[in-house]
Amino acid sequence: MSTEAASAHRPPLDLHGLHARYANATYVAASKGSMLDKVENELAAIKLTAAKSPAFRSFLENPLISRDDKEKGVEEMFKGKVSNVTLNLMMTLAGNARLSEAPKIADTYSQLMKAKRGEVEATIISADPLTKAQVSAIEAAMKSQVGKNKSVVLSAKVDPAILGGLQVQIGDQFLDLSVGSKIDSISRTAV
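Since the structure is predicted, the reported quantities are computational estimates derived from the model, not experimental observations.

Comments concerning the overall build of the protein
Helix and strand content of the protein: nine helices and four strands. Written out in order from the N terminus, the α and β elements of the protein read α-α-α-α-α-α-α-β-α-β-β-β-α. Compactness check: the protein gives a C-alpha radius of gyration of 21 Å against a globular reference of 16 Å for 191 residues, more than 25% above the reference. Across the 191 residues that make up the protein, the buried fraction comes to 33%. For the protein, contacts bridging at least 24 residues in sequence account for 62% of all contacts bridging at least 6. A total of about 11700 Å² of accessible surface is found on the protein, and carbon and sulfur atoms cover 53% of it. The average position of the 24 basic charges and that of the 21 acidic charges among the side chains of the protein differ by 2 Å.

Set out below in structure tokens:
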């Protein structure tokens with residue numbers, strides 16, 4: 001296979017570790033099959049089911065269930081209901097005794113897909129709930145920081161402990177403009 005064809009299916013981020021290994025392989029397989037979005041939705045559904053169904057979560061996490069039984073269970077649950085890429089991932093996880101990692105692998109795959117779409121996650125923490133106008137103004141300011149071909153996916157949280165101001169997390173950057181941190185820094189220098 002030529003390097004151009006291989007790079008066309010390469011994940012958009014260089015992620016490392018156990019979850020990334022499975023997510024990267026799944027991304028490449030889904031890309032080759034032109035089903036990136038479908039696999040993302042299937043993995044999100046598996047993660048949601050694991051969160052909501054104690055029986056399914058127990059099946060994923062129970063080390064007393066043999067690998068063979070888990071493979072049979074995965075095949076019964078998913079065959080014909082999900083794409084071959086998702087089925088192969090789940091069968092591989094079952095065979096490697098890693099089914100409990102499926103929700104984290106789904107998160108990592110989602111991270112790859114957001115990077116592919118040019119989405120940058122940002123979190124704003126404020127002492128009081130923000131108005132729509134404030135959120136819009138902050139989002140516009142963030143767009144200038146992340147680049148032209150990217151969009152900001154904004155989530156807002158409220159934490160009264162910061163007293164006032166904002167804390168902003170964009171990707172791996174953190175900006176603390178809170179009153180609480182200013183008070184802390186003044187109290188440290190005054191001593």
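Quick notes on the pairing of strand β1 (residues 119–126)
Among the eight residues in β1, six count as buried, and that is most of the element. Pairing analysis gives eight bridges linking β1 to strand β2 (residues 151–158), with the strands arranged parallel. From the neighbouring strand, S126 faces β2, where its bridge partner is V158.

Comments concerning helix α5 (residues 67–78)
Look at α5: 16 Å from first C-alpha to last across 12 residues, which is about the 16 Å you get at 1.5 Å a residue. Every buried residue of α5 is accounted for by K70, G73, V74 and F78. Buried positions in α5, seen along its axis, are confined to an arc of 105 degrees and lie on one side of it. α5 presents D68, K72 and E76 as exposed residues on the side facing more than 90 degrees away from its buried surface. The inward-facing, buried residues of α5 abut α3 (36–52), α4 (54–61) and α6 (84–95). Of the residues trailing α5, G80 is marked for its positive phi of about 85 degrees.

Observations concerning unusual backbone geometry
Leaving glycine out, the prevailing phi sign among residues is negative, and the prevailing peptide bond configuration is trans. One non-glycine residue with positive phi stands out, namely A97, at about 55 degrees. Tracing the sequence through the fold places A97 in the loop between α6 and α7 (102–117). For A97, a relative accessible area of 46% corresponds to the partly exposed category.

Structural notes on the packing of aromatic side chains
Applying the stated rule across the entire model yields two aromatic pairs. A centroid spacing of 6.2 Å and a plane angle of 50 degrees characterise the contact between Y27 and Y109, whose relative ring orientation is tilted. Linking Y27 in helix α2 (residues 18–32) with Y109 in helix α7, this pair joins segments that are 82 residues apart in sequence. You'll find Y27 and Y109 in the same group, each marked buried. Between F56 and F78, the aromatic rings sit 6.3 Å apart at their centres with planes inclined by 75 degrees, giving edge-to-face as the arrangement. Of this pair, F56 sits in helix α4 while F78 is found in helix α5, placing the two residues 22 residues apart along the sequence. When its relative accessible area of 9% is taken as the criterion, F78 is described as buried.

Concerning a nonpolar patch on the surface
Residues L163, V179 and I183 make up a contiguous nonpolar surface patch of roughly 260 Å² in combined accessible area. Positionally, I183 belongs in helix α9 (residues 179–190). Under the relative-accessibility criterion, I183 is labelled partly exposed at 44%.

Structural notes on the nonpolar core
V74, F78, M90, L93, L99 and Y109 are the most contacted members of the largest nonpolar core, which totals 28 residues. Of all the elements in the fold, those that place two or more residues in this core are α2, α3, α4, α5, α6 and α7. Aside from chain neighbours lying at most four places away, what touches L93 is Y22, R98, L99, A102 and I105. Within the second largest apolar cluster, nine residues are counted, among which are A122, I138, V168 and I170.

Procedures and definitions
The numbering scheme is per chain: residues are counted from 1 as the chain's sequence reads. With pLDDT at 70 or above as the cut-off, local features in this predicted model cover only qualifying residues; side-chain atom pairs require 80 or more to be listed or tallied, and sums for whole chains, interfaces and linings still use all residues. Side-chain descriptors were evaluated using all non-hydrogen atoms of the structure, hydrogens and water having been removed beforehand. A run of DSSP states H or I qualifies as a helix once it reaches four residues; a run of E qualifies as a strand once it reaches two. Both are numbered from the N-terminal end. Every radius of gyration here is taken over C-alpha atoms, with the globule rule written as 2.2 Å times N^0.38, N being the number of residues. Burial here depends on accessible area, computed with a 1.4 Å probe over protein chains only, as a share of the maximum for the residue type. Under 20% is buried, over 50% is exposed, and the range in between is partly exposed. Note on definitions: a residue-residue contact is assigned when non-hydrogen atoms from the two residues lie within 4.5 Å. In this description, accessible areas are obtained by the Shrake-Rupley approach with a 1.4 Å probe, and a residue is regarded as covered only by the protein chains that are shown. By the counting scheme adopted, Arg and Lys are positive, Glu and Asp are negative, and His together with the chain ends is not counted. Every charge is mapped onto a representative atom, which is NZ of Lys, CZ of Arg, CG of Asp or CD of Glu. Strand pairing is assigned whenever DSSP identifies at least 2 bridges connecting the two strands. Expected span of a helix: the number of residues minus one, times 1.5 Å. By arc we mean the arc of the directions from the helix axis to the C-beta atoms, nothing more. Stacked, tilted and edge-to-face are the three classes assigned to paired rings of Phe, Tyr and Trp, where Trp is represented by its six-membered ring and a pair needs centres within 6.5 Å; plane angles under 30 degrees give stacked, over 60 edge-to-face, the rest tilted. Think of a patch as exposed residues, more than 30% relative accessible area, with no salt bridge, where like charges cluster within 9 Å and nonpolar side chains (Val, Leu, Ile, Met, Phe, Trp, Tyr) cluster within 5 Å. Just to be clear on terms, a salt bridge is a Lys or Arg side-chain nitrogen sitting within 4 Å of an Asp or Glu carboxyl oxygen. In plain words, nonpolar cores are sets of buried Ala, Val, Leu, Ile, Met, Phe, Trp, Tyr and Cys residues tied together by side-chain atoms within 4.5 Å.

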